[in-house]
Structure formats: C-alpha cells, structure tokens
Amino acid sequence: MSLVYCIRTRQKGKHLTFSEREELEETVKQNNAAPKKEKLSQRKMAKRMGVSPATSSRELKRGKIVLLDYQLRYVTSYSAIIAQDDYDKKASAK
C-alpha cells in the first residue's frame, strides 16, 4: 500500500501570482470573521493553497495590514495589493 504525501499542485520554486494572493486574502478575511474554534492555522491555509508553510508565512508578513473593526479594535489582516506592490518593488531592485 503506497500513500502519496505530496499535496503540492504548483511547480516548486515558482512565485505566487496576484490571483493566488487574492485567494489568500479571501481566506484570511473568512478566517478573521470565523469563530475561534473554526479558524484555520497558517499551516492549514498553506496546505489548502498548495504551498509550503514557510511561503505562506512570508506572504502573510509581506501583505500585513492593521485595520479597525466596527468596535474600534485593531485587527491584523492581509492585503493582496500591498503584497503585490512590495513584491514588484523588490523585484525591480534586483
């Protein structure tokens, strides 16, 4: 009996595209709105996207933003546009 452990659907070593960043942004928004018991960990989000947990962690740091919710509490979220701008800026400096 052989088990397949590879969940990667993307080619290894490729950068995230803007559409993948938008997908991550939507997942983070749903995760912030979910009750605590139903929230996804970074590892589960990475597995769902088909990337490594390290890639997911770096991407969340790259697009990190702080927002105010309706109760004036600070909420950490992710923005695909900010992450893409940061990626483009760093890529042009190569």
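Structure shown above.
Residues numbered from 1 in each chain as written. Predicted model: local features only at pLDDT ≥ 70, side-chain atom pairs only at ≥ 80, totals over all residues. Heavy atoms only, no water.

Concerning the packing of helix H1 (residues 18-33) against helix H4 (residues 80-92)
Move 1: For the pair H1 and H4, the least separation of the axes is 9 Å and the interaxial angle reads 145°. As for the relative orientation of H1 and H4, their crossing is right-handed in sense. Taken together, the residues of H4 that come into contact with H1 (itself represented by Phe18, Arg21, Glu22 and Glu25) are Ala80, Ile81, Ala83, Gln84 and Tyr87.
Move 2: For the contact of H1 with H4, a count of residues per class yields five nonpolar, one polar and three charged. (Axes fitted to C-alpha atoms, helices over the stretch in contact; angles between N-to-C directions. Helix = DSSP H or I, 4+ residues; strand = E, 2+ residues; numbered from the N terminus. Left-handed = near helix turned anticlockwise from the far one by under 90°. Contact = heavy atoms within 4.5 Å. Nonpolar A, V, L, I, M, F, W, Y, C, P; charged D, E, K, R; others polar.)

Quick word on helix H2 (residues 42-49)
Move 1: Those residues of H2 lying buried are Met45, Ala46 and Met49. For H2, the angular spread of the buried residues around the axis is 100°, confining them to a single face. What points out from H2, more than 90 degrees from its buried face, is the exposed set Arg43, Lys44, Lys47 and Arg48.
Move 2: Contacts from the buried residues of H2 go to H1 and helix H3 (53-62). (Buried < 20%, exposed > 50% of the residue type's maximum accessible area, 1.4 Å probe, protein only. Arc of directions from axis to C-beta.)

Some points on H4
Move 1: The terminal C-alpha atoms of H4, which comprises 13 residues, lie 18 Å apart, in line with the 18 Å expected from a rise of 1.5 Å per residue.
Move 2: Buried within H4 are the following residues: Ala80, Ala83, Gln84 and Asp86. The arc that holds the buried residues of H4, viewed along the axis, is 160°, so those residues lie on one side. Exposed side of H4, more than 90 degrees from the buried face: Ile81, Lys89 and Ser92 are the residues found there.
Move 3: Considering only its buried residues, H4 is in contact with H1, H3 and strand E2 (74-78). (Expected span 1.5 Å × (residues − 1).)

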